[in-house]
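# Geometric and topological summary
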Amino acid sequence: MCMRSHLVSLNKIKMFLFSVSILLGCITHVESAADLEPTALMKHETRWLVEALEKAHYSKVSIKNLDGKSFIDRYLQKLDKQKLYFINNEVEEFKKSYEATLVTFFEQGNLFPGFEIYNSYKQNSLERIDWAINYLDEFPNLESNRSYEPDRTDLDWAISEDILEDTWENLITFEFLNETISQLDSNNTLELIPDSNLTEAREESKRILIKRYSRWKKNIEEFEASDVQELYLTALTQMFDPHTTFMNLKEKEKFDQQMNNEFVGIGARLSDEDGYCTIKGLLPGGPAEASRELEADDIILKVAQSDGDFIDVVDMKLPKIVELIKGPKDTVVRLEIRPTKNPSISKVVSIIRDKIKLTENLASGKIHQVQNGQKINMIGVVELPSFYGSSGNGPKATDDVEEIITKFKNNGIEGIILDLRRNGGGYLSEAVNLAGLFISRGPVVQVKNTDGSIRKKFDFNPKLSWNGPLAILVSRFSASASEIVAGALKNHNRAIIIGDPTTHGKGTVQSLIQMNLPFNFGHSNVKKSAAKITIQKYYLPSGKSTQIYGVISDISMPTINTYRPIGESDLDFALKSDTIPPVQSRRPQNEFVYHSENIRKLKDFSNIRQSTYEEFNYLNKSVDWFRLKKKEKSISLNLSERLIKRKSDEIKNNELNDIYDSFTDKSYLEQNIVLNIVQEQKAKSLIARGEKVDQNLDQNKTFIMPENFDIRLTESLRIVSDWILLRDAADLSIKPSATEI
């Protein structure tokens, strides 16, 4: 995701105020007490969203061009992707009832069709789950010749209730069979399994499935009107492109936390375990840890605000509990807990909420000792999970990466790898600033607006944080802001791109627009829904777009990602790729760049290793095995056949695992480089636990063997090491007098 920072900053969001008439009535179509209804506020939000889409979206969309049939198909896909709750006649009836009037409904802000369809889904699903639980009164037949296709996404809707019921019988048998097999000895065929063991496995499978279906039913019953609104309106926004979405209050809060890597709360990870809110961990340096009264596996029974009354949270939806526990900074929340160390009692813990920094999601660094012939090269690796930022003094990706590079240089590194394999994007401004760490000045990205105008974004800061060999490690998951950085530095002949054959292929920019309605205008503290709307497309300095095609690697390695539907080209309604004129720019004479001859030589060296080293043979075998398994669309529902199949699959998996385990000694020794903010959090954590603070938290110079062998990172380290040796042997990294890009 790539966001415009000056639009996204929490305190500086550009507001779009569209006139809406205030209507006092609300939709009151109710078929039963269990049906959900839209609120009056949702009507205003919907009208606002429609007008925002028409005025702000890059493609100059018009709601009047909405394809009603396609929209209903998309909404049903969100509700019933596996086609388990509706039959074809119901789907056609929805289209007949609403196709012609959908545009009018949206223009009026009327969510009636969305709630009517959802309530039908809710009724069907609850009835079907009750039917499934009753079906388990007897054990499913595990001796049939039937089969089941788990992924029903591309299948047609069932044409009758009888056919749908048959599908459910197969589904339940499939899940029952999976649970049964998981409890049986993998070394035995059916004939060698004692009847008592088989009966016990079946009884346990039945218990597990009934519990699962009951939980499933509870989740559906707890679904709220705001959840329906979010599903329905996002189905609308994604008719125009896959990255335009509607965010209700809950989704907006999650988004803010993800982008800023901080939130106000108590600093505890919570999970729902059989209806009990359970503490799974305490965040280092947070108020919960500082209280010294909470531990992992404690159960929260009740929650109260300051001196207010306690609210019982047993069997309450986890997001509701989180909402109760979170609150403004420096306010008190009281928790009645059942301690894991003494579950026979309960106690009350008072905690003052504070700002929590999510340091585990920040940039991290490691230095690797890479043996290459007689020489050991010190190469730094920066792993950046996202291009995060903050409107205040919070963490920023560029600042953190620069800090790590400074520590790298203090330790004498000779090359750097920027690992963006798991980086899905973030703030556009952070992408521009971060690219600027590696070039003294020059264009980073071009942005095209909906009116066709083009803005060129330059790095004007002459400061260079690193002026040596640089590689960027990417995958099919590297998207948006990651592609801006990788593409720009490739355009500048500044970085070698290594990894999957190509990146994700997202070349669009979104802006987060808060909904400001007449009756809450001027109330900055009021929580509001928002729309994340695609407003621009971006292009590399060369004029090429990364949309659909991504950034192509200079040196690629085998990967299963090539055969998975995870790229932009796999998304419905993705915008088309195009080009614009390149930016004419001259490069400084003293700036490090690579020569094309370097790429050819480094690629040749890597290709030799990829054709001879055992780890690449393993990668190819893994890819072949993945492709073979991917072709298995239909799964047998016969226990004997499945046990035989499991054994053969297990032999193959064990063979691959044994090969992988043999590579452990191929890793290069590494040393962790810790951000100052992480050190501070660790110090706070030690103090909170009453332990002594080591004044040299970042002074551990010990190199250790990594726990796991990372094949692609290891090969990237070899490539950079080769590059360093090439540069040392001859001046192949040229310094041109003037280069146009």
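Cut-off values and rules
- Starting afresh in each chain, residues are numbered from 1 along the sequence in its written order.
- Owing to the predicted nature of the model, reporting of local features is limited to residues with pLDDT of at least 70; listing and counting of side-chain atom pairs is limited to 80 or more, with chain, interface and lining totals taken over all residues.
- Each side-chain value is worked out from all heavy atoms of the structure, with water and hydrogens disregarded.
- Here is the rule: rings of Phe, Tyr and Trp (six-membered ring for Trp) pair when centre to centre is within 6.5 Å. Planes less than 30 degrees apart are stacked, more than 60 are edge-to-face, and the remainder are tilted.
- Only DSSP runs of H or I reaching four residues or more are called helices, and only runs of E reaching two or more are called strands; each is numbered from the N terminus.
- Remark: a charge is flagged as sitting over a ring if the NZ atom of Lys or the CZ atom of Arg is within 6 Å of the ring centre and within 35 degrees of the ring normal.
- By nonpolar core is meant a set of buried Ala, Val, Leu, Ile, Met, Phe, Trp, Tyr and Cys residues that side-chain atoms within 4.5 Å join together.
- The classification of residues rests on relative accessible area computed with a 1.4 Å probe and restricted to protein chains. Under 20% of the type maximum is buried, over 50% is exposed, and intermediate values are partly exposed.
- Any two residues whose heavy atoms approach within 4.5 Å are treated as being in contact.
- For two strands to count as paired, DSSP must find a minimum of two bridges between them.
- To obtain each axis, a line is fitted to C-alpha atoms, and for helices this fit is confined to the stretch in contact; angles are then taken between N-to-C directions over 0 to 180 degrees.
- Roughly parallel covers angles under 35 degrees, roughly antiparallel covers those over 145, roughly perpendicular covers 65 to 115, and oblique covers all other angles.
- Should the near helix be turned anticlockwise from the far one by less than a right angle, the crossing is termed left-handed; should it be turned clockwise, right-handed.
- Polar here means any residue other than Ala, Val, Leu, Ile, Met, Phe, Trp, Tyr, Cys and Pro, which are nonpolar, and Asp, Glu, Lys and Arg, which are charged; Gly is therefore polar.
- Here a polar contact is taken to be a pair of N or O atoms separated by no more than 3.5 Å, where protein atoms must pair a possible hydrogen donor with a possible acceptor and residues adjacent in sequence count only if both atoms sit in side chains.
- Any Lys or Arg side-chain nitrogen located within 4 Å of an Asp or Glu carboxyl oxygen qualifies as a salt bridge.

What follows covers the packing of aromatic side chains. Evaluation of the coordinates by the stated rule reveals 25 aromatic pairs. Plain terms: the ring middles of Y98 and F112 are 6.2 Å apart, the flat faces sit at 75° to each other, and that makes the pair edge-to-face. Of this pair, Y98 sits in helix α4 (residues 88–98) while F112 is found in helix α6 (residues 112–135), placing the two residues 14 residues apart along the sequence. In this structure an aromatic cluster arises from ring pairing among Y85, F86, F94, Y118, Y121, W157, W168, Y213, W216 and F223. Above the face of the W157 ring, K83 is positioned so that its terminal group lies 5.4 Å from the ring centre. The ring of W131 has R128 sitting right over it, with the charged end atom 5.1 Å from the ring centre.

If you look at the biggest cluster of nonpolar residues, it comprises 75 residues, and the most contacted ones within it are F71, Y75, F106 and L236. With residues near it in sequence (within four places) discarded, Y75 still touches G114, I117, Y118, V228, L231, Y232 and A235. I405, A435, V444 and V445 belong to the second largest nonpolar core, which has 49 residues in total.

As paired strands, strand β5 (residues 268–273) and strand β6 (residues 276–282) are joined by 6 bridges and run antiparallel to one another. Across the sheet, residue A268 finds its bridge partner in β6, namely L282. Adjacent in sequence and paired antiparallel, β5 and β6 are bridged by 2 residues, among which D274 carries a positive phi angle near 55°.

This part covers the packing of helix α3 (residues 68–79) against α4. As a packed pair, α3 and α4 sit with axes 10 Å apart at the nearest point and diverge in direction by 135°. By the criterion of interaxial angle, the relationship of α3 to α4 is oblique. Classified by chirality, the crossing of α4 by α3 is right-handed. Touching K69, I72, D73 and L76 of α3 are V91, F94, K95 and Y98, all from α4.

Further remarks concern the packing of α6 against helix α8 (residues 195–221). Interaxial distance between α6 and α8 falls to 10 Å at its minimum, and their mutual angle equals 160°. Here α6 is positioned roughly antiparallel relative to α8, judged by the angle of their axes. Our pair here, α6 against α8, has a crossing hand that is left-handed. Contacts between α6 and α8 pair Y118, Y121, K122, S125, L126, I129, D130, A132 and I133 from the former with I210, Y213, S214, W216, K217, I220 and E221 from the latter. Here the contact of α6 with α8 is composed, by residue class, of 10 nonpolar, 2 polar and 4 charged.

As a further point, take helix α14 (residues 428–435). Along α14, 6 of the 8 residues are buried, which leaves the element largely enclosed by surrounding structure. Within α14, burial applies to L428, E430, A431, V432, L434 and A435.

The next thing to look at is the side chain of D419. Here D419 shows up in strand β14 (residues 415–419). D419 gets classed as buried once you look at its relative accessible area, which sits at 3%. Side chain to side chain, D419 and R421 meet in a polar contact 2.8 Å long. If near-sequence neighbours (up to four positions away) are discounted, D419 is found in contact with V381, V382, E383, L384 and L473.

Time to look at unusual backbone geometry. The backbone of K83 sits at a positive phi, close to 55°, despite the residue not being glycine. Mapped onto the secondary structure, K83 falls in the loop between α3 and α4. By relative accessible area, which is 11% here, K83 ends up buried. Positive phi is not limited to glycine here, since F573 has a value of about 65°. Position of F573 relative to the elements: it lies in the loop between β22 (555–556) and α16 (596–612). Assessed through its relative accessible area of 36%, F573 is described here as partly exposed.

Moving on to the sheet that holds strand β13 (residues 375–383). Strand order in the open sheet made by the 7 strands is β22-β19-β18-β14-β13-β12-β24, with mixed pairing throughout. Of all the strands in the sheet, just β22 and β24 (670–673) have a single pairing partner and so form its edges. One ladder, built from 5 bridges, connects β13 with β14; its direction is parallel. Bridge assignment links G380 to a residue of β14, and that residue is I416. With respect to the sheet, helix α15 (residues 481–491) is in contact with β14, β18 (470–474) and β19 (496–499), its orientation differing from that of β18 by roughly 145°.

A few words now on the pairing of strand β12 (residues 364–372). Judged from the 9 bridges that link them, β12 and β13 form a sheet pairing that is antiparallel. Counted as the bridge partner of Q371 is I376 from β13. Linkage of β12 to β13, two consecutive antiparallel strands, is achieved through a turn of 2 residues, within which G373 is found at a positive phi near 70°. For β12 and β24, the ladder comprises 4 bridges, and the chain directions are antiparallel. From the neighbouring strand, G365 faces β24, where its bridge partner is I673.

Applying the stated criterion to the full structure yields 52 salt bridges. A salt bridge links R146 to D166; the shortest N-O distance between them is 2.1 Å. Residue R146 is found in the loop between α6 and β2 (147–148), and its partner D166 is found in helix α7 (residues 161–182); the two are separated by 20 residues along the sequence. Among the ionic pairs, R718 bridges to E615, the shortest N-O distance being 2.7 Å. Of this pair, R718 sits in helix α20 (residues 711–729) while E615 sits in helix α17 (residues 614–630), and the two are 103 residues apart along the sequence. R718 sits in the buried class, given a relative accessible area of 9%.

Honestly, that's just the spatial picture; any functional story needs more than this.
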